[in-house]
Amino acid sequence: MASKTLYSQRDPMLKRDGFEDILEERRNSSDLKYALRCYAPVLYKGVTPCKANMLKNIVLQSDQLHYVINQVSQESGEAPDIIQEEASVILEEMAHRLQISTVRFFAFALSKAFKTLFQHVCVNEEGIQRLQQAIQEHPVVLLPSHRSYMDFLLMSYILYTYDLALPVIAAGMDFMGMKFVGEMLRMSGAFFIRRSFGGDKLYWAVFSEYVKTMLRNGFAPIEFFLEGTRSRTCKSLTPKLGLLNIVIEPFFKGEVFDVNLVPVSISYERILEESLYARELLGVPKPKESTSGLLKARRILSEDYGSIHVYFGQPVSVRSLAQGKVNRSTYNLFPRHIPRKPMEETQSFVNDTAYRIVRLQEDNMVLKPWVLMASLLLQNLEGLELSVLTEQTVWLRGLALSYAAFLDWPDHAPTAKVVSSSLALHRGLACVSGGRVSLVVGEPLGPVTPEEALFNRAVSVLSCASYRNQVLHVFLRPAMLAVAMHTAASSKKSEWPGLYNCFSFLWDMFSNDFILCPGDIVQDFEEACYLLVKTGAVQMPQQDIVMTDIGQPTLSFFNGLLEPFLQGYQVVCRYLCEEASEGLTEKQYIPAVRSFAVKLILAGNLRCYEVLSSDMQKNALAALLRMDAVRKVKVADQVTLIVNKMAVNSIDDILGGKLPTQKALLARL
Amino acid sequence: PLRPGLGVTGASHTVNTLRKSHDLLLLTLTKLTNCFLFSPRQEIMKWNGWGYSDSKFLFNKKGQAEFTGKRYRLSGMTLPSLQDWFENTFGASVKHKSPATVILNASVVPPPRLNEAFVENLKATGIPFSNEAEDRLFRAHGHCLHEIFALREGKKFERVPDMVVWPNCHNDVVKIVELACKHNVCLIPYGGGTSVTSALECPPEETRCIVSLDTSQMNRILWLDENNLVAHVEAGIIGQDLERLLNESGYCTGHEPDSMEFSSLGGWVATRASGMKKNVYGNIEDLVIHIKAVTPRGVIEKSCQGPRTSTGPDIHHFILGSEGTLGVVTEVTMKIRPIPEYQKYGSVVFPNFEAGVACLREVAKQRCAPASIRLMDNTQFHFGHALKPQVSSIFTHFLEGLKKFYITKLKGFDPHQLVVATLLFEGDHERVLQHEKEVYDIAATFGGLAAGEDNGQRGYLLTFVIAYLRDLGMDYCVVAESFETSVPWDRVLDLCQNVKERIIRECKERGVQFQPLTSCRVTQTYDSGACIYFYFAFNYRGLADPVHTYEQVEHAAREEILANGGSLSHHHGVGKLRKEWMKDSISNVGVGMLKSVKEYVDPGNIFGNRNLL
């Protein structure tokens, strides 16, 4: 097997820079001076920055837009002038109005806020230097991870601090709901896009031309979130491709020499939205973004949120990535200003690129000791002795490090200190009583129904899970192999073709929940084998993969790590087989699964709270849809789910280890 | 004793004298050689560089550049700013010389593999031939960088023609081709030898006897038809001779490729050449009325001289661009025009390349392009300026200063951004002036300022001396080459920029120690696009194998061109240098069509130079 060579290819990327705390200087010098200091960033090839109005004019006069305007006009019978006017309105609604004064205001206000909220804001300065270089040479696209509202303000704040060109940021329209704040964000470089505009040709044309114009001319780095929305679970979300397609296309069309994609990993020690997210996942709708809501959130200011680590990754050259994968000359026979669906070759390239970038984001996420502790606590919901927790955390630390996790473990601090300070920071989630550590369950006032109690417990489990989720990408591949081995052990088959089948089934099943690059299945399997062998958990004599004596703790930890996902998916399968009614609509699906799970938990038949998460429910459904076990049918305005009970049932059996994978795959056919 | 004293403009004065002594010589010479007599050009040209032996650039002892000889406008002049430009641009130094081997060493030429039967039969025809090493080597190459570099270094050639034949007319060619087929001998037609596509390189794997078929003796104008304005010309004639001879009768073809001093009519047809003044006269395919060519299958020609026909696919287009793979072009009937009454150069300065391209695009749109219109980028503008001869009068000096002040200070042009378009107008006096105004008016709308005739003329000068300048560069560790493409208008800017950037990046990656020179100009305009011409040069000090590095970079540059919507070639051709991209360029079916034509016309691969396919 070529596993070693394959994995070592990834190794160089894992060489990481050190961090600098940018708040340190803020604590020692005047914020006002800082906000008013001279700001003169270098730009792409020394272009002069473009005024927002000029930018709009370029877009409105572009051939690209004119073509679509005429097309829409012919289709709708409206005069081109009217469509042009519409385009202008769309652009007005969309465009940023970056103003340095607003940026200075934010620089001041955020300095104050950050100092209260966070202990440190750490940035890898080498990454900043690389970025500065990249900005001068090529159009740059910043691709930060998205875990909090803070993300994009934080990004601009950092770039301002380092005297780098301020990005223009694609933001969801929902921000515009906050009247004043929306405009402030606009003036600090945000531009707003509607959440869905599927069929609206004109909107798409204005939007894509706006982004491309900024990119082609290199007026400013473009920033957007590949994940499309904030991850409520702290797992990276599978990437959305729309914007990435737009920013890559100018390269394929030869309009720019190259585009540099810069993955940025923003890791929060404690996320501001922590319990908000858990509630949202449990079906309490997220509060609509409103200014007054934001003000109420001031309460947040009184708490300690630990540190933030922002890691600017190595710029990724689209040109180098596309080398040998996309034949640019296929763009030669079609006018460049006419919008065209990307070719298959391009689509799969963009998809692949998106996944790789998200994986780079994951790789450079900084993990805190608490993340390891949360992983252990979730496998011991009844609580752990503090000493046991400490001991296991140390063990897990070793394991994580040997799997190249980017762990921020305090130097020279005794382990007990590290554990206790982590517990202190997260006292809202875990508490120590009588030498035992267990999850905190918020006690509401007044009498509690069993449902309410369950709900409260679920909030703390999901909050805690959001920390465990941060480490999943490190362990995911070997953990899936561990599960496969576990399943195989029950069916007495351990040679690797069988394991590979099982592994690939899980890989496929979970590819909405985790970042698994399409087509990387073999590589992932080899990586999993390599890692398990490397850490001595398994041996691979010839065709077999055999657990070693010392491998037991590792493998059982891995099994425990993925257990909630296996169980959760099984609950979904069981619901669809046993309870789902004939005309189940897509809308009904989530509440229905939730109440099914609640019933099971209350009846004592299920101990897994994570299945209550709408995220997991959605991902499970997506997987079943992908595997053709469920189909969507549109009837009138409703989307109905048609369940192939046989198929769902056999998937359930495989997940439960009752059926070998090969048969199940056949059954699907 | 027969060495001709040649006139300034070249060879053909002496051709008739030579021909008279032809028969006599054949009787007296028993050796297999007779050769140089039939190729006087070879005598006055460099064997390891470009052009005439008497014309070359050098840095004299005073540290000033000069151009020797008497043939060109620059000849005999000193160029005070060239050395500075040269040293600054390339990081080169006149102290670091890399001189060429002076004397041709016959040992670099492998011994000939002769086909005795063929030689016997050929002798019987009385067609002159030679197997002298010098003659064979002279016809074993074109002017690609690697070819000239090898000659200068005195490197051994793996494969060269085994003999050279000089047919005197169409019938001689018919005989030679018949004999070649009979004895399975490989023929490589040779015209002016100015190929830059490795087209003349002998395939190293060729085991048969390779015969270079030199058309230089077929250089007559056979007749001239003033009623229909066509001339019937033998294909071996060299561009400048054709033009001069026609001028004597008051006509011209107007076909002026940059290589016209040395390239031949047959070569133009075989490579689909393009002339600088194509806007008035057309490219070679527009100029040709009739082609006669000898193939192994027989002679191909048409039955009439109708100006246009609808008789299936135009068979001329099998020959045009065939690059010597199907046969030898022997006679061509081509359009002629009365010599224009008036000619005027001109130039326009633009604030930047973008503005210049926009102007050329508009000129093309309005279809009012002058005979020639070219746009040089900023680098080439400075290059051109480095070739300014010593200014003799203080007054001219003052005027120059004033012009510069006007453009850069009053008009605010950035000297590191501005570009210049060079123009050539032709026609009757009135019309030229009118046309000139029209073009300058368009230019003005793009911020262009008229910059005088002199600048224009100097621009065209650069194209004629550029190859001489390459030799100078090679004397000082600088390698250089040019390449070209054609591209739709909307991609012109992007292509230029991306190709330059690609070159710079590739040079860096391949360990070139000094910033390369990358420069381009738009040399031809068409309704739907333009021809772009690139210069690329770098100082190779510190590189183990500069030619290989050069080739890798050029290869990358060509890939970049293709990825940016440029063609494989606008007029240089494919040769062997760009064969690998043919399939992608014309599709598998296209390649198949060409192959099947080759298969029918030349099943024995007699014309075995292996160009194109």
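Residues numbered from 1 in each chain as written. Chains lettered and ligands numbered in written order. Predicted model: local features only at pLDDT ≥ 70, side-chain atom pairs only at ≥ 80, totals over all residues. Heavy atoms only, no water.

Caption draft 1: Spotlight on the overall build of chain A. The number of helices and strands found in chain A is 27 helices and 16 strands. Compactness check: chain A gives a C-alpha radius of gyration of 26 Å against a globular reference of 26 Å for 669 residues, within 12% of the reference. If one aligns the C-alpha atoms of chain A with their principal axes, the spans along those axes are about 70 × 60 × 60 Å. For chain A, contacts bridging at least 24 residues in sequence account for 78% of all contacts bridging at least 6. Summed over its atoms, the accessible surface of chain A is roughly 28200 Å², and 55% of this surface lies on carbon and sulfur atoms. Separation of charge centres in chain A, based on 69 positive and 69 negative side chains, amounts to 2 Å. (Helix = DSSP H or I, 4+ residues; strand = E, 2+ residues; numbered from the N terminus. Rg over C-alpha atoms; globule rule 2.2 N^0.38 Å. Contact = heavy atoms within 4.5 Å. Areas by Shrake-Rupley, 256 points an atom, 1.4 Å probe, with all protein chains shown as cover. Lys, Arg positive; Asp, Glu negative; His and termini not counted. Charge placed at Lys NZ, Arg CZ, Asp CG, Glu CD.)

Caption draft 2: Region of interest: the overall build of chain B. Across its full length, chain B holds 20 helices and 21 strands. Relative to the globule expectation of 25 Å for 613 residues, the C-alpha radius of gyration of chain B, 24 Å, shows essentially globular dimensions. C-alpha atoms of chain B, sized along the principal axes, occupy 75 × 55 × 50 Å. Across chain B, the fraction of contacts at a sequence separation of at least 24, relative to all contacts at a separation of at least 6, is 77%. When the accessible surface of chain B is totalled, it reaches about 25200 Å², and 54% of it is carbon and sulfur.

Caption draft 3: Examining the nonpolar core more closely. Residues Trp370(A), Phe475(A), Phe558(A), Leu576(A) and Tyr589(A) are the most contacted members of the largest nonpolar core, which totals 115 residues. Ignoring anything within four residues of it in the chain, the contact list for Phe475(A) reads Leu396(A), Leu399(A), Ala400(A), Tyr403(A), Phe557(A), Phe558(A) and Leu561(A). Residues Trp47(B), Leu145(B), Phe350(B) and Phe538(B) belong to the second largest nonpolar core, which totals 62 residues. (Core = buried A, V, L, I, M, F, W, Y, C linked by side-chain atoms within 4.5 Å. Buried < 20%, exposed > 50% of the residue type's maximum accessible area, 1.4 Å probe, protein only.)

Caption draft 4: Fine view of the environment of Pro250(A). Residues and elements named next belong to chain A. Note on placement: Pro250 falls in helix 12 (residues 242–252). For the pair Pro250 and Leu215, spaced 35 residues apart in sequence, the C-alpha separation works out to 8.2 Å. For Pro250, the residues in contact, after removing those within four places along its chain, are Lys212, Leu215, Arg216, Glu255 and Val256.

Caption draft 5: Structural context of a negative patch on the surface. All names here are of chain A. On the surface, Glu20, Glu24, Glu25, Glu125 and Glu126 cluster together into a patch of negative charge. Of all the secondary structure elements, the ones that give two or more residues to the negative patch are helix 2 (22–28) and helix 8 (125–137). Looking at where Glu125 falls in the secondary structure, it is placed in helix 8. Overall, Glu125 belongs to the partly exposed group, its relative accessible area being 30%. (Patch = residues over 30% accessible without salt bridge, like charges linked within 9 Å, V, L, I, M, F, W, Y side chains within 5 Å. Salt bridge = Lys/Arg side-chain N within 4 Å of Asp/Glu carboxyl O.)

Caption draft 6: Structural detail: the UniProt feature "binding site: substrate" (unreviewed entry) in chain B. Residues and elements named next belong to chain B. With numbering matched to this structure, UniProt assigns "binding site: substrate" (unreviewed entry) to Arg470. For Arg470, the location among the structural elements is in helix 17 (residues 453–475). On the basis of relative accessible area, Arg470 is assigned to the buried category, the value being 12%. The contact partners of Arg470, leaving out residues within four places of it in the chain, are His143, Cys144, Leu145, Ile148, Ala480 and Glu481. (UniProt positions renumbered as here; feature names shortened; annotations may be inferred.)

Caption draft 7: Seen up close, the sheet that holds strand 21 (residues 529–539) of chain B. Residue and element names in this part refer to chain B. Taken together, seven strands build an open sheet; the order of strands is 18-15-17-16-20-21-19 and the sheet is antiparallel. Looking along the sheet, the strands with just one partner apiece sit at the ends: strand 18 (449–450) and strand 19 (478–488). Both strand 20 (residues 517–525) and strand 21 contribute to a ladder of eight bridges, which runs antiparallel. Paired with Thr518 across the strands is Phe536, a residue of strand 21. Set on the sheet, helix 16 (residues 429–445) makes contact with strand 15 (342–350), strand 17 (419–427) and strand 18; between it and strand 15 the angle comes to about 10°. Those strands touched by helix 17 are strand 15, strand 16 (372–376), strand 17, strand 19, strand 20 and strand 21, and its axis lies near 80° from that of strand 15. (Pairing = 2+ DSSP bridges. Axes fitted to C-alpha atoms, helices over the stretch in contact; angles between N-to-C directions.)

Caption draft 8: Layout of the side chain of Ser198(B). Within the secondary structure, Ser198(B) is located in the loop between strand 6 (186–190) and strand 7 (210–214). Residues within four places of Ser198(B) in sequence aside, it is in contact with Cys144(B), His146(B), Glu147(B), Lys576(B), Leu577(B) and Asn611(B).

Caption draft 9: The interface of chain B and chain A, seen in detail. Each partner contributes to the interface: chain B provides 13 residues, whereas chain A provides 15 residues. A combined buried area of about 1300 Å² lies between chain B and chain A, and 30% of that area is made up of carbon and sulfur atoms. For the interface between chain B and chain A, the tally reads five salt bridges. A salt bridge links Arg319(A) to Glu560(B); its shortest N-O distance comes to 2.6 Å. Listing elements by their share of the side of chain B that touches chain A, those giving two or more residues are helix 18 (492–509) and helix 19 (546–563) of chain B. With six residues, the top contributor of residues to the side of chain B that touches chain A is helix 18 of chain B. (Buried area = accessible area lost by both parts, 1.4 Å probe.)

Caption draft 10: Here's a closer look at the pattern of salt bridges. Following the criterion strictly, the structure yields 65 salt bridges over all chains and no others. A salt bridge links Asp241(B) to Arg244(B); the shortest N-O distance between them is 3.1 Å. Here the residue Asp241(B) and the residue Arg244(B) both occupy positions in helix 8 (residues 239–248), the gap between them amounting to three residues, near one helical turn. We classify Asp241(B) as buried; its relative accessible area is 6%. Since its relative accessible area comes to 19%, Arg244(B) is described here as buried. Several salt bridges converge on common partners, so that one network encompasses Arg319(A), Arg328(A), Arg502(B), Glu506(B), Arg510(B) and Glu560(B).

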